[in-house]
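Tertiary structure, described
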Amino acid sequence: MSSKKVIVITGASKGIGKAIAEKLASKKFDVVIFGRNKKRLALLKSKLELLNSNTLSFSGDVADEKFVQRSITKVIKHYGRIDGVINNAGVAIFETFIDSNLEQLKTQIDANLIGVYNFCKASVPKMIEQKSGTIINIVSTAGKFGFAYGTTYAATKHAVIGFSKSLLLEVRKHNVKVVTVSPGSVETDMIVDSPIHKDVANYLQPKDVADVILTILKLPSRAMIGDIDIRPTNP
């Protein structure tokens, strides 16, 4: 049984997910990291353990329902609890609609929507049992406003916002929170090599998103931020 809060983070091997994991471990959370790149996960796990985080790591596909369920079962058995899930894993394919194809849409649905569903499905029952827990879904301002080259990507983020708002209405009576965090442009690999890339000098940094996540998790149980946008000050 962990005496610390236990937070699961998907897409943790780089970018925003990695920054969140490092921030939370430095603030004495026990962090569970998910990602595809085993080498990066191993390096991050070692770093988090140096910060005295009792860390577990899992490598696999967030769209694989059985993998997610098995993994979360192990998390609950190991720590005795699960206090938060940060659904950060995602895929972005930026393409004009004319040049896009159905496989690109399906790939993004698997990572950006099915993955969120799987982790919530595996974790929410324990949170309801505990009468506490926080689901944080990292979305995007694209999920609210859309943008050129983003028809397929924005569609998945719109879907997660609708899913999150509906889930909140079902679980808040159990003191379970559901939060959507929508960053604007963040300097990550996802955007730097894309057709929407501009000068990154004024972009948000992953650590900026991590700071907001920490604020959300530190709120008292009676208070919840339901939805928050994080934008560059001077894009």
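This text goes with the structure placed above it.
Residues numbered from 1 in each chain as written. Predicted model: local features only at pLDDT ≥ 70, side-chain atom pairs only at ≥ 80, totals over all residues. Heavy atoms only, no water.

Next up on the list: the sheet that holds strand 4 (residues 84–87). Strand order in the open sheet made by the 7 strands is 3-2-1-4-5-6-7, with parallel pairing throughout. What marks the edges here is a single partner per strand, and that holds for strand 3 (56–59) and strand 7 (227–230). Taken pair by pair, the neighbouring strands of this sheet meet at an average axis angle of 15°, ignoring direction. By the bridge criterion, 3 bridges tie strand 1 (residues 6–9) to strand 4 in an arrangement that is parallel. Directly across from Ile7, in strand 4, lies its bridge partner Gly84. Here helix 3 (residues 65–79) sits on the sheet and contacts strand 1, strand 2 (30–35) and strand 3; the angle it forms with strand 3, its principal contact strand, is near 170°. Here helix 8 (residues 206–218) sits on the sheet and contacts strand 1, strand 4, strand 5 (133–138), strand 6 (176–183) and strand 7; the angle it forms with strand 5, its principal contact strand, is near 155°. (Pairing = 2+ DSSP bridges. Helix = DSSP H or I, 4+ residues; strand = E, 2+ residues; numbered from the N terminus. Axes fitted to C-alpha atoms, helices over the stretch in contact; angles between N-to-C directions. Contact = heavy atoms within 4.5 Å.)

Okay, the side chain of Lys177 next. Here Lys177 shows up in strand 6. In this structure the side chain of Lys177 is engaged in a polar contact, spanning 3.1 Å, whose partner is the backbone oxygen of Pro220. In this structure the side chain of Lys177 is engaged in a polar contact, spanning 2.6 Å, whose partner is the backbone oxygen of Ala223. Discounting chain neighbours no more than four positions away, the residues touching Lys177 are Gly133, Thr134, Ile135, Leu219, Pro220, Ser221, Ala223 and Met224. (Polar contact = N/O pair within 3.5 Å; in protein donor to acceptor, adjacent residues only side chain to side chain.)

As a packed pair, helix 4 (residues 102–130) and helix 6 (residues 151–171) sit with axes 9 Å apart at the nearest point and diverge in direction by 15°. In terms of axis orientation, helix 4 runs roughly parallel to helix 6. Regarding helix 4 and helix 6, the two cross each other, and that crossing is right-handed. Contact residues: Leu105, Gln108, Ile109, Asn112, Leu113, Val116, Tyr117, Cys120, Val124 and Ile128 in helix 4; Thr152, Tyr153, Thr156, Lys157, Ala159, Val160, Phe163, Leu167 and Val171 in helix 6. (Parallel < 35°, antiparallel > 145°, perpendicular 65-115°, else oblique. Left-handed = near helix turned anticlockwise from the far one by under 90°.)

This next bit is on the nonpolar core. Counting residues in hydrophobic clusters, the biggest one holds 31 residues, and the most contacted among them are Val8, Val32, Phe34, Ile72, Val75, Ile82 and Phe119. Contributions of two or more residues to this core are made by strand 1, strand 2, strand 3, helix 3, helix 4, helix 6 and strand 6. With sequence-adjacent residues up to four places away left out, Val75 is seen in contact with Val6, Val8, Val32, Leu56, Phe58, Gly80, Arg81 and Ile82. Core analysis: the second largest hydrophobic core is formed by 30 residues, Ile16, Leu41, Leu48 and Val212 among them. (Core = buried A, V, L, I, M, F, W, Y, C linked by side-chain atoms within 4.5 Å. Buried < 20%, exposed > 50% of the residue type's maximum accessible area, 1.4 Å probe, protein only.)

Another point: the pattern of salt bridges. By the definition in use, this model includes 11 salt bridges. Asp83 serves as the salt-bridge partner of Arg81, at 2.5 Å between the closest nitrogen and oxygen. With a shortest N-O distance of 2.6 Å, Lys144 and Asp227 are connected by a salt bridge. Within this pair, whereas Lys144 is found in helix 5 (residues 142–145), its partner Asp227 is found in strand 7, the two being separated by 83 residues in sequence. Because the salt bridges share partners, they merge into one network encompassing Lys144, Asp227, Asp229 and Arg231. (Salt bridge = Lys/Arg side-chain N within 4 Å of Asp/Glu carboxyl O.)

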